[in-house]
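Residue-level structure breakdown
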Amino acid sequence: MKEILKQAQLGKYAVGSFNFSTAETLKAIVLAAKNLNAPIIVSTSEGEAEFVGMPEAVALVEAWRIGTKLPIILNLDHGKSLEKIKKALAAGYDAIHFDGSELSYEQNVAKTKLVVDYIRQVEKTFDRQIIVEGELGYLRGSSSLHKEELKIKEEDLTSPDQARDFIEKTGVDSLAVVIGNAHGIFSKGGEKLNLERLTDIRNELEGKAFLVLHGGSGIPEEDVKEAIRLGIVKVNVNTDLRVVYKERLSEQLEDNPEETTPYKILEPILEALREVVEEKIKLFGSQDKIKL
Ligand code: G3H
C-alpha cells in the first residue's frame, strides 16, 4: 500500500483519491482506473461510510480488486473520532485520514499521535499495512457548490516549521496541507495554490511524509500539475463527482419520465462519472503506472 505512494513520489505523479457513497460511483471510479491502468484510492468520509456501510464498502472494494486485479486502496476520509477510525480498521480499511485540523496545534498533535499509535498496534497484531494521514492548516469549504467568494487567510496555510514538528511528533505517513486549496467549487473562483509555500513545506519535510492535496475540485489545472511536480502524491476529489452525478441524474429523469429501471437510469451517470475520473487520472499523471 505505502509502496503505491512511494512509487508516485519517485515518479512525480499523484494517485487520485475519489469519494463514493454508492455502488455505481465506486464502479465508475474503478472502471476509469482499469481503463487507464492507474493506481487508485477510493474514499468514504464518515457520512459517506455511514450511508454505504463500512463492511459493505470493504466487501465491494475487495470484489473489484479481485475482478480487476488493481491495487485499490480503501481510505477513511476526514475521520474525526477514534471510534469511527476503530470501526473502519475493524471492517478492513487500508488507509485512515485523521483530520484534527479543527483542534489547537497541541491537541491535533496529541490526538493524531494517539491514532498513529493505535494503528501501529493493529499493524503489528494483525500483520497489516495501513497508511495514516494527518492534516495541518485550516481547509475552508465543504464538498459542494459555493456561491460566496473564497477568502483564504495567510494564517489558514500550513506552516512549514509546524509541518516538520508534526511529522516528527506524530509519525504519520502522509500530511494533508493547506496551500490555497479548499473543499468544493467556488463559482466566483478563489482557489489558487501558493506553490512557494508548498516548496517550503516540501523542503522542510525532506521526503519524510507523503504530501496530500485535499479539495481537488475547482483548483486550476496548471496549479494541480505544478503541485504534483513539487511533491504532491495524492489528490482528493469529491465535489466534481457529486456535481456530475446530480446534473446527469436530473437530466436523465427529465428526459425519460417513463423509465423506472434503476440501472437504465444510472448507466449514463456512471459513464459521465467514469469520464471525469479518467480526466483527473490523466491530469495527475497516474495512467499506465501499474505493472501487471
Ligand atoms: O477529502 C475530500 C476532498 O478533499 C474533496 O475535495 O470536494 O473539493 O473535491 P473537493
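Being a predicted model, the structure only gives us computed values, none of them experimental.

Reading the values: the criteria
Residues numbered from 1 in each chain as written. Predicted model: local features only at pLDDT ≥ 70, side-chain atom pairs only at ≥ 80, totals over all residues. Heavy atoms only, no water. Helix = DSSP H or I, 4+ residues; strand = E, 2+ residues; numbered from the N terminus. Rg over C-alpha atoms; globule rule 2.2 N^0.38 Å. Buried < 20%, exposed > 50% of the residue type's maximum accessible area, 1.4 Å probe, protein only. Contact = heavy atoms within 4.5 Å. Near = heavy atom within 4 Å. Polar contact = N/O pair within 3.5 Å; in protein donor to acceptor, adjacent residues only side chain to side chain. Areas by Shrake-Rupley, 256 points an atom, 1.4 Å probe, with all protein chains shown as cover. Pairing = 2+ DSSP bridges. Axes fitted to C-alpha atoms, helices over the stretch in contact; angles between N-to-C directions.

A count of helical and extended segments in the chain gives 11 helices and 10 strands. Since a compact globule built from 292 residues should have a radius of gyration of about 19 Å, the 18 Å found for the chain is in line with a globular shape. Seen along its three principal axes, the alpha-carbon backbone of the chain occupies a region of about 60 × 45 × 35 Å. For the chain, with 292 residues in total, the buried portion stands at 54%. Pairs at least 24 residues apart make up 72% of the contacts formed inside the chain by residues separated by at least 6 positions.

The phi dihedral of D127 is positive, around 50°, even though this residue is not glycine. Relative to the helices and strands, D127 resides in the loop between helix 6 (105-126) and strand 5 (131-136). Assessed through its relative accessible area of 71%, D127 is described here as exposed. A positive phi angle, near 45°, is found at E206, a position not held by glycine. Inspection of the secondary structure puts E206 in the loop between helix 8 (195-205) and strand 9 (210-213). The exposed category is assigned to E206, whose relative accessible area is 58%.

Lining the immediate surroundings of the ligand are 15 residues, of which D77, S143, G215, S217 and T239 lie closest. With respect to the ligand, the side chain of D77 contributes an N or O atom lying 2.6 Å from an oxygen atom. Measuring from an oxygen atom of the ligand, one finds a backbone N or O atom of G184 at 2.8 Å. Across the complex, the protein chains shield 99% of the 300 Å² of accessible surface that the ligand would expose by itself. Those elements giving two or more residues to the shell around the ligand turn out to be strand 3 (72-79), strand 8 (183-186) and strand 10 (232-237).

Before going further, it helps to examine the sheet that holds strand 5. The strands making up a sheet associate through hydrogen bonds between their backbones, and the pairing can be parallel or antiparallel. Read around the barrel, eight strands follow the order 1-2-3-4-5-7-9-10 and close on themselves; strand pairing throughout is parallel. Taking the axes of each pair of neighbouring strands and ignoring which way they run, one obtains an average angle of 25° across the sheet. One ladder, built from four bridges, connects strand 1 (residues 15-19) with strand 2 (residues 40-45); its direction is parallel. Residue pairing across strands places S17 opposite I41, the latter belonging to strand 2. Its contacts with the sheet place helix 2 (residues 23-36) against strand 1, strand 2 and strand 3, and it is angled at close to 165° to strand 2.

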